[in-house]
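One-letter residues, chain by chain:
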Amino acid sequence: MSKRSRRSRTPVPTAAGGASSARCTVTVCRGCCCGTAAKVPHLDHDGQLTDLRTALAGVAMVRRTDCLDACERANVVVIQPSAEGRVAGGRPVWLGQVNDPGAAADITTWVGDGGPGLVDPPDVLSLYTFQPSRRVRAELHDD
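Residues numbered from 1 in each chain as written. Predicted model: local features only at pLDDT ≥ 70, side-chain atom pairs only at ≥ 80, totals over all residues. Heavy atoms only, no water.

**Some details on the overall build of the protein**
Part 1 of the argument: What the protein contains, in helices and strands, is five helices and five strands.
Part 2 of the argument: Ordering the α and β elements of the protein from the N terminus gives α-β-α-β-β-α-β-α-β-α.
Part 3 of the argument: Across the 143 residues of the protein, 42% fall into the buried class.
Part 4 of the argument: The contacts of the protein with a sequence gap of at least 6 include a subset with a gap of at least 24, amounting to 67%.
Part 5 of the argument: By element, 51% of the accessible surface of the protein is carried by carbon and sulfur atoms, the whole surface being about 8,000 Å². (Helix = DSSP H or I, 4+ residues; strand = E, 2+ residues; numbered from the N terminus. Buried < 20%, exposed > 50% of the residue type's maximum accessible area, 1.4 Å probe, protein only. Contact = heavy atoms within 4.5 Å. Areas by Shrake-Rupley, 256 points an atom, 1.4 Å probe, with all protein chains shown as cover.)

Given below as structure tokens:
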């Protein structure tokens, strides 16, 4: 995201009247590799995205994005903390190879309970957690 678009972005009110930054943001990669049957043939990619959006409606913003440049870890999901979670020390959590319904269910439970900075993730998510390169983090302004 460019500095210009970052500055011009305004909060979107939620059902509870707060700003979208008050909620976690779940970014689901659906670029060149993530979200494709060629890379991950056994998964209903559209269904996974729909399930995340349905399960987290009113709890978190779920957005689809193009390539996050971690193609070797398809499918990639990034959980960004809520404003409260960031104040508590939470930072974005990158999850790779999110290719089964159980992983998506663990993500929705964790985010529903508060997400990064507020609640420890389920232990099983440590199997999916990775740290992207500094270049990728800098491009996405996640530091």
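**Some thoughts on helix α2 (residues 45-55)**
For the α-helix, the turn length of 3.6 residues means that residues three or four positions removed from each other point alike.
Part 1 of the argument: Among all positions of α2, only His45, Gly47, Gln48, Leu49 and Leu52 are buried.
Part 2 of the argument: Tucked inside the fold, the buried residues of α2 contact β1 (24-29), β2 (60-65) and α4 (101-113).
Part 3 of the argument: With a side-chain oxygen positioned 3.5 Å from the backbone nitrogen of aspartate 46, the residue opening α2 is aspartate 44. (Polar contact = N/O pair within 3.5 Å; in protein donor to acceptor, adjacent residues only side chain to side chain.)

**With respect to the side chain of asparagine 99**
Part 1 of the argument: Checked against the element boundaries, asparagine 99 lands in the loop between β4 (93-95) and α4.
Part 2 of the argument: Judged by relative accessible area, asparagine 99 falls into the buried class, the value being 14%.
Part 3 of the argument: Polar side-chain contacts of asparagine 99 include one of 3.2 Å to the backbone nitrogen of asparagine 75.

**Looking at the confidence of the model for the protein**
Part 1 of the argument: Per-residue confidence for the protein gives a mean pLDDT of 84, with 81% of residues at or over 70.
Part 2 of the argument: For the protein, helix α1 (residues 3-8) is the element with the lowest average pLDDT, namely 34, and β4 is the one with the highest, namely 97.
Part 3 of the argument: Segment residues 1-19: pLDDT under 50, and 16 contacts once partners within four positions in sequence are set aside and those in other chains are kept. (pLDDT = per-residue confidence, 0-100.)

**Concerning unusual backbone geometry**
Part 1 of the argument: A cis amide bond, omega 0°, links alanine 74 with the succeeding residue asparagine 75.
Part 2 of the argument: Note on placement: asparagine 75 falls in the loop between β2 and β3 (77-80).
Part 3 of the argument: With a phi angle near 65°, aspartate 69 is a residue other than glycine that sits in the positive phi range.
Part 4 of the argument: Within the fold, aspartate 69 resides in the loop between β2 and β3.
Part 5 of the argument: The phi angle at glutamine 97 is positive, at roughly 55°, despite the residue not being glycine.
Part 6 of the argument: The partly exposed category is assigned to glutamine 97, whose relative accessible area is 46%.

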